[in-house]
Every structure is written in C-alpha cells, then in structure tokens.
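The primary structure of each chain is shown beneath.
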Amino acid sequence: MAENTHNFYMPKTNLVGVGAIKDLPDEIKHLKIKKTLIVTDKNMISLGYVEMIERILKSLFISYDIFDGVLHSNPTVSFVEDGLKYFPNKLNVLARDYDFLISIGGGTNHDCAKAIATVATNGGSITDYEGWKKVTKPMIPLICINTTSGSGAEVTMFTVITDNSRKVKMLMGSPNMMPIMSVNDPMFMASMPKELTAGVGFDVITQAIESFLCTEASPITDGLALHALKIAIEYLPRAYENGNDLEAREKMMFASMMTGMTLNNSGLGYAHSLAHQLGGFYNEYHGNYDAVLLPFVLEYNAVSIPDERIIKIAEAMNITADKKSQALDKIIASLLKMRYDFKMPNGLAEMGVQEKDIQQMSQNALKDLTALVNPRQGTVEDIIDLFKAAM
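Fair warning: this is a prediction, and the values are worked out from it, not measured in the lab.

On to the overall build of the protein, then. Each helix and strand counted, the protein has 14 helices and 11 strands in total. In terms of overall size, the protein behaves like a compact globule, its C-alpha atoms giving a radius of gyration of 20 Å where 391 residues would be expected to give roughly 21 Å. The dimensions of the protein, computed from C-alpha atoms along their principal axes, are 60 × 45 × 45 Å. Here the protein, with 391 residues, has 61% of them falling under the buried criterion. Put simply, of all contacts in the protein between residues at least 6 apart along the chain, 78% involve residues at least 24 apart. Considering the protein, the positive charge centre built from 36 side chains and the negative charge centre built from 45 side chains are found 4 Å apart.

It is characteristic of soluble globular proteins that their nonpolar side chains tend to be buried jointly. Counting residues in hydrophobic clusters, the biggest one holds 71 residues, and the most contacted among them are Ile-205, Leu-229, Leu-278, Met-317, Ile-331, Leu-335 and Leu-348. The biggest single contributor to this core is helix H7 (residues 219–241), with 11 residues. The contact partners of Leu-335, leaving out residues within four places of it in the chain, are Phe-202, Ile-205, Leu-294, Leu-298 and Met-317.

The next thing to look at is the packing of helix H9 (residues 270–281) against helix H14 (residues 380–390). One can describe the packing of H9 onto H14 by two numbers: an axis separation of 12 Å at closest approach and a directional angle of 75°. With respect to H14, the axis of H9 lies roughly perpendicular. Taking contact as the criterion, the partners of Tyr-270, Leu-274 and Leu-278 in H9 are, on H14, Ile-383, Leu-386 and Phe-387.

Under the local residue numbering, the UniProt record ascribes the feature "domain: Fe-containing alcohol dehydrogenase-like C-terminal" (unreviewed entry) to residues 198–391. Between the end C-alpha atoms of residues 198–391 there is a gap of 20 Å, over a span that is 69% helix and 0% strand.

By the burial criterion, the buried members of helix H3 (residues 49–59) are Tyr-49, Val-50, Ile-53, Glu-54, Ile-56 and Leu-57. Taken down its axis, H3 places every buried residue within 160° of arc, on the same side. In H3, those exposed residues whose orientation departs by more than 90 degrees from the buried face are Arg-55 and Lys-58. Looking at the packing, one finds that the buried side of H3 touches helix H1 (24–28), strand E2 (35–39), helix H2 (42–46), strand E3 (63–67), strand E6 (100–105) and strand E8 (142–146). Looking at the residues trailing H3, positive phi occurs at Phe-61, about 60°.

If you add up the space inside the second largest pocket, you get close to 240 Å³. Contributing to the lining of the second largest pocket are 13 residues, with Lys-12, His-30, Leu-31, Ile-180 and Met-181 lying nearest its centre. Looking at side-chain class alone, the lining of the second largest pocket contains 7 nonpolar, 2 polar and 4 charged residues.

The subject of this paragraph is the sheet that holds strand E7 (residues 131–132). Strand order in the open sheet formed by 3 strands is E7-E10-E9, with mixed pairing between adjacent strands. Taken across any chain shown, the strands that pair with only one partner, and hence form the sheet edges, are E7 and strand E9 (158–163). The pairing of E7 with strand E10 (residues 168–173) spans 2 bridges and is classified as parallel. Across the sheet, residue Trp-132 finds its bridge partner in E10, namely Gly-173.

Taken across its 5 residues, E8 has 5 buried, putting it largely inside the fold. Here E8 shows no split at all, with Leu-142, Cys-144 and Asn-146 on one side and Ile-143 and Ile-145 on the other all buried. Sheet analysis places E6 next to E8, joined by 5 bridges and oriented parallel. Within E8, the position partnered with Ser-103 by the bridge is Cys-144. Here 4 bridges tie E8 to strand E11 (residues 181–184), and the two strands are oriented parallel to one another. Directly across from Cys-144, in E11, lies its bridge partner Ser-182.

The next thing to look at is the environment of Ile-331. Structurally, the position occupied by Ile-331 is in helix H12 (residues 324–341). What makes Ile-331 buried here is its relative accessible area of 2%. Each C-alpha atom of the pair Ile-331 and Gly-267 lies 21 Å from the other, and the pair is 64 residues apart in sequence. If we ignore the near neighbours within four places in the chain, the residues touching Ile-331 are Leu-298, Ile-310, Ile-313, Ala-314, Met-317 and Ile-319.

When pLDDT drops low, the exact placement of atoms in the prediction is not to be read closely. Overall, the prediction assigns the protein a mean pLDDT of 91, with 97% of residues at 70 or greater. Taken as a whole, residues 90–94 scores under 50 in pLDDT and shows 8 contacts with residues more than four places along the chain or in a different chain.

This part covers unusual backbone geometry. Keep in mind that most residues, glycine aside, have a negative phi and that most peptide bonds are trans. Positive phi values are uncommon outside glycine, yet Asn-318 reaches one of about 60°. Phi is positive for Lys-343, close to 55°, though the residue is something other than glycine. Following the sequence through the fold, Lys-343 ends up in the loop between H12 and helix H13 (358–365).

A few words on empty space enclosed by the protein. Counted according to the given criterion, the structure contains 1 cavity of 30 Å³ or more. In terms of lining residues, the largest cavity is bounded by Ile-209, Glu-210, Leu-213, Gly-269, Leu-294, Val-297, Leu-298, Asn-301, Asn-374 and Pro-375. Of all elements in the fold, only helix H6 (194–213) and helix H10 (286–301) reach the threshold of two or more residues within the lining of the largest cavity. It is H10 that contributes the most residues to the lining of the largest cavity, 4 residues altogether. Looking at the lining of the largest cavity residue by residue, the class counts come to 6 nonpolar, 3 polar and 1 charged.

Calculation rules
In every chain, residue numbers begin from 1 and rise along the written sequence. Owing to the predicted nature of the model, reporting of local features is limited to residues with pLDDT of at least 70; listing and counting of side-chain atom pairs is limited to 80 or more, with chain, interface and lining totals taken over all residues. Excluded from the side-chain calculation are hydrogens and water; included are all heavy atoms of the structure. Segments assigned H or I by DSSP are reported as helices when at least four residues long, segments assigned E as strands when at least two residues long, and all are numbered from the N terminus. Each radius of gyration reported is based on C-alpha atoms, and the globular scaling rule is 2.2 Å times the count of residues to the power 0.38. Categorising residues by exposure relies on relative accessible area from a 1.4 Å probe, with only protein chains included: less than 20% of the type maximum marks a residue as buried, more than 50% marks it as exposed, and the intermediate range marks it as partly exposed. Two residues qualify as a contact provided that any one of their heavy atoms is within 4.5 Å of a heavy atom in the partner residue. The charge count treats Lys and Arg as positive and Asp and Glu as negative. His and the chain ends do not count. One atom stands in for each charge, and that atom is NZ of Lys, CZ of Arg, CG of Asp or CD of Glu. Put simply, a nonpolar core is a bunch of buried Ala, Val, Leu, Ile, Met, Phe, Trp, Tyr and Cys residues held in one set by side-chain atoms that sit within 4.5 Å of each other. In this analysis, axes come from line fits to C-alpha atoms, helices being fitted only over the stretch in contact, and the angle between any two N-to-C directions falls in the range 0 to 180 degrees. Here the word oblique covers every angle except those under 35 degrees (roughly parallel), over 145 (roughly antiparallel) and from 65 to 115 (roughly perpendicular). UniProt positions are given in the numbering used here, feature names are shortened, and annotations may be inferred rather than shown by experiment. By arc we mean the arc of the directions from the helix axis to the C-beta atoms, nothing more. Method remark: on a 1 Å grid restricted to protein atoms, a set of points is classed as a cavity if a 1.4 Å probe fits but cannot get out and as a pocket if it is open with protein on both sides within 12 Å along at least five of seven lines; lining residues have an atom within 4 Å of a point. Grid points are joined across faces, edges and corners, and a volume is the space filled by probe spheres set on the points. In this classification, Asp, Glu, Lys and Arg are treated as charged, Ala, Val, Leu, Ile, Met, Phe, Trp, Tyr, Cys and Pro as nonpolar, and every other residue, Gly included, as polar. Two strands form a pair only when DSSP identifies at least two bridges running between them. Think of pLDDT as the predictor's per-residue confidence, scored from 0 to 100.

Take a look at the structure:
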C-alpha cells in the first residue's frame, strides 16, 4: 500500500437486515445467470437454508449443482480440490461451466467458495496463491449468504485455507477475490448453538480491537471498529443466552459485517496470526483461540500503542479509566470475564495444544499476512513467549 493512502474495498451489493433474503431474487434476476454451483455443508442442508435458496433459483429458472463437501470449521486444500471436481478439465484448461457461485453458511463455507472460484479461473492449485495479490484474474462471481456473526468473510477479499501437508493455515488476499454480493439476514443465524455464538462473537471482538490498533488503520476503519466493538460488548451476551433474540442476532450481524469491512481494509494483528497457526495444527473454533490469545497480545503490544487508542477501546467497552495502564488492565479483565461467562477455554493446553509444536507455529506466524500490520513487530522468540504464556 502506498504511503498515506487508505483504499477501501467491499462487495458491490450487500443485502442486510431481517428479511433481507426476500430481496435476493430481484438482485440476481437481471444478471442473466444460467447455472450456479452452491458451496455449503450438510448442516446447512438439514436446517433448510439450502432449500430456501434452491426455491429462489428455480423460480428464476437458474440451474444449479450442490457441493456440500465442507466437512468442518477449518476448510482444507482437499475441500477445495473436491469442489473443483465440478469443473471439467478439458485439454488441461479449466472449463468454466458456472456463471457464478453461491456460498451458504459461515466464514468456512465462504472461504472454501472463494478458493474454488479463484482456482476455477486462475488455474493451478490454491496453494499457489498464498500471500497478497497473487490472484491475477477475477474469480467466478460469488454471492455469500451468511449464517453466522463472526468472521465477516462474506464482505472480504481474503480467504483462509488449511494446507494439512504443511500444517499451515494459508491466508491469501486480492481484490480479485472479492464477492460481488453478500446477504446478511439474522433469521439465518438463530440456529447457532451457544458454543458457536460465543466463538464467532469473540472473533468479532478480536477483529474490532486488532483492526483499530493495527498500523494500517484509517479514520474509516476506526469508526467501524469502535462501533462494532460497542455493539458486540452490549449484544453478544444476549445472543449467547437466547439464540432466538432476533434483535441481538441482528446487532451481532451488523458488528460482524463491520469488522469484516475493517479487516478487509486495515488488517489485524498477532492474535490472528497466532490463531491461524493453531488452526493449521489443531481443529478448534477459531474464536476460541482468539479468546485465549487476545489478552496476551494486547499486553505485548501496549508499549507500541498510543495512550488515546487504548482509552478509546475502553470507552467502547463501557470501561471508565483515566490512564492507559488502568484502561488496559480493565480491558483485559473484561475480556477474561467474558471468556469465563461464555464457558470458553482458559488456555491453549486445555484445547490440546502441545509445546513441541510451538517453534514451528511461531516461525509460520511471522509469515502470516496479519502479522505484517501488528503495531509491535517481534521476533520468533517473542512469538514463542506469547504462545507459552497462553498455554
């Protein structure tokens, strides 16, 4: 990014709010679509969400296939390769049989769909595109129908795919990976169980805080991040206690979407770069890693963060403090209390993390895109210390 510039990217069309799904037919009927691939998982099918979209497609005489091979919460290279089998290989050139793709689900399904759509037009393997702006051709147009309030993946140009052969959670991003449309209707989110609500909700909080503190933050992302944090602090406990509280679900939906917009245009930090590596080695909710790591990362970063920015985070969390040190202590105490109230893990060891893996994960963490904009740049030894402190 050029010095002093703050480019802002997001999907062209975003349908947002209770009942937003009813506007989808009007938005896609003029696109002259003939055939689409739906990327989802079996749970979305059993909940009836996929059938709702099928009815819309049938009403518009759009043919479709369904790929439901997203099998767990950390999408892998093999999931992407399975999805690409729907694209016949003719003369070693990927035939583009679909006008666009639709992903139905949370960030996992959106990430998998982005990866499939990217390789379908760019060729090769998804492992070829790890890093920033390595995707040279626009992916097949993608519509993301969101069912969780967490990653904000439906509005970002990033995807995270696990390469099990290297035990690495690859982060890749490019404006050519931006979905053309997102749908955030909280009626799709009421079915989230408590454990998932807490995990994705803590991801929202982490994304808000890290995007506000990272080195590429701008006045635009600052406003979105702080307001998203304020919303999450107020409404996540309600959404956790009562999944059918539609107001709380809608508020968390807005907070999630807002942090998707911030991370898309500013970045994140070490809580995410470390969490990505844990996801490459183990299979746990990403938000649970965030919940354990964030307090330690905040403490580590504090020396490089201006006093007023810590104070502003405290204010967004309804914390009163006059000094940076007091504000930081209260922020961390509040995060720990939320983690306890939501019955989330207290440490990495509790989630099965082993010290023998820390060295490799630490080396990989500093290569992650999210590490590049952390406010305090550290060494491998610093990252090792963070992992060990979080055990």
